[in-house]
Amino acid sequence: MNEEQENEILAISSIYPDNFSEIETIIGEEEENDDDFDYQDNDNQYSKIYQVIITPNISCLDENSLEDNNNNNNNNGLIIDTSYDYFIYFKFKYTKEYPSNEPPIISIKATWLQKSDQSILLSHLEDLWNQNELVIFQMISWLQEESIQILNNHYKSIKKFSHYHLKKSLNSQQLNQNQNQIENQNQNQNQNQNKEKVPTIYTGQSVTEKKSKFQAHLAIVHSEREVQLVLNQLLSFKKIYEATHNMYAYRFQLENGEINEYYNDDGEDGAGDKMLFTLSKNQTKEILIICTRWFGGILLGGRRYVHIVNTTKDILNLYNTNSLSQCSLEFN
């Protein structure tokens, strides 16, 4: 552990004396696997794992969002059952090059967090790290003050677009009821969708860095209905539906000559805007591109945007050069 890391640990343990703990220290022996970290550090010197238990600020939630066992509501935002533990368990681990060249390795867990919720929060935490800067205190503060507001806004916004993105934090009974409702909706939608022709979906080569995988898909569309058909088709595949993010952007020309364009970050803040900029720069008039990311457990920082933009450019280049035959058709 370098001097900056030691100083940061001293500061964190002083600021959060009752909530900070060192939960694993194995030096000189083979490190046991911690399920919270999808990462193995071969240097046992850096095998210490630290945890801070965070009480998030839930003041932004209205009464309908604060669930109890006798209350069943139709709130479209984030739902937290306050009769249970709603702490966020934030774990972190140092890499040899932190903070100079690498971010820390982190994980977050809570009884009310869905996997998709974790990914959204981790994406925001990625944005906090800058080279040569200590970031743990900033991450803890953000989780404490901003995380609930971000998730609540996310659920309210995605509810307006597609039920496929409806992943509320419910107790087990409500979750089962909600899942049955979604399955029934899917069956009805698939029956209707079979009567309509879904545009062909072309899937490009995947790119992987530090166990995070990125893959772009392209479809030729001329209406918002065709956009929805493509999204429904992709999300009907478990592999895509369970991905961390499915950000997308589309741009097509209307009959009156105007351009209809839109993007959705799907929790990866700033990604959709960069994808749409790429489409606009290429003056596309009939294209929808979805970039799927499977988070590998290791923060990439700004590198993730490089892969999102590059996979978007690569598959768009195949379209521009009439080379879409090189793509996979596995999701049709």
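Conventions adopted
Residues numbered from 1 in each chain as written. Predicted model: local features only at pLDDT ≥ 70, side-chain atom pairs only at ≥ 80, totals over all residues. Heavy atoms only, no water. Helix = DSSP H or I, 4+ residues; strand = E, 2+ residues; numbered from the N terminus. Polar contact = N/O pair within 3.5 Å; in protein donor to acceptor, adjacent residues only side chain to side chain. Buried < 20%, exposed > 50% of the residue type's maximum accessible area, 1.4 Å probe, protein only. Pairing = 2+ DSSP bridges. Contact = heavy atoms within 4.5 Å. Phe/Tyr/Trp six-rings, centres within 6.5 Å; stacked < 30°, edge-to-face > 60°. Lys NZ or Arg CZ within 6 Å of the ring centre and 35° of its normal.

1. Some remarks on the environment of Ser14
Okay, step 1: If you trace the backbone, Ser14 turns up in helix α1 (residues 3-15).
Okay, step 2: One polar contact links the side chain of Ser14 to the main-chain carbonyl oxygen of Leu10, over a distance of 2.8 Å.

2. Quick look at the pairing of strand β2 (residues 49-54)
Okay, step 1: By the criterion of burial, β2 is predominantly enclosed, with five of the six residues buried.
Okay, step 2: The sheet contact formed by β2 and strand β5 (residues 88-93) spans six bridges and is antiparallel. If you follow Val52 over to β5, its bridge partner there is Phe90.

3. Side note on the environment of Val207
Okay, step 1: Mapped onto the elements of the fold, Val207 is located in strand β8 (residues 207-209).
Okay, step 2: Considered as a pair, Val207 and Ile308 are 101 residues apart in the sequence and their alpha carbons are 9.4 Å apart.
Okay, step 3: With near-sequence residues (within four places) excluded, Val207 lies in contact with Ser212, Lys213, Phe214, His307 and Thr311.

4. Side note on the packing of aromatic side chains
Okay, step 1: Taken as a whole and assessed by the stated rule, the structure comprises 11 aromatic pairs.
Okay, step 2: With 6.4 Å between their ring centres and 35° between their planes, Tyr16 and Phe137 make a pair best called tilted. Linking Tyr16 in the loop between α1 and β1 (20-24) with Phe137 in helix α3 (residues 136-145), this pair joins segments that are 121 residues apart in sequence.
Okay, step 3: For Phe137, a relative accessible area of 40% translates into the label partly exposed.
Okay, step 4: With a centroid separation of 5.6 Å and an interplanar angle of 20°, the aromatic rings of Tyr250 and Phe252 are classed as stacked.
Okay, step 5: On the basis of relative accessibility, which here comes to 1%, the residue Phe252 falls in the buried class.
Okay, step 6: Each residue in the set Phe20, Tyr50, Phe90, Phe92, Tyr94 and Tyr98 is aromatic and connected to the rest through ring pairs, giving one cluster.
Okay, step 7: Here Lys274 stacks its cationic end above the ring of Tyr305, 4.3 Å away from the centre of that ring.

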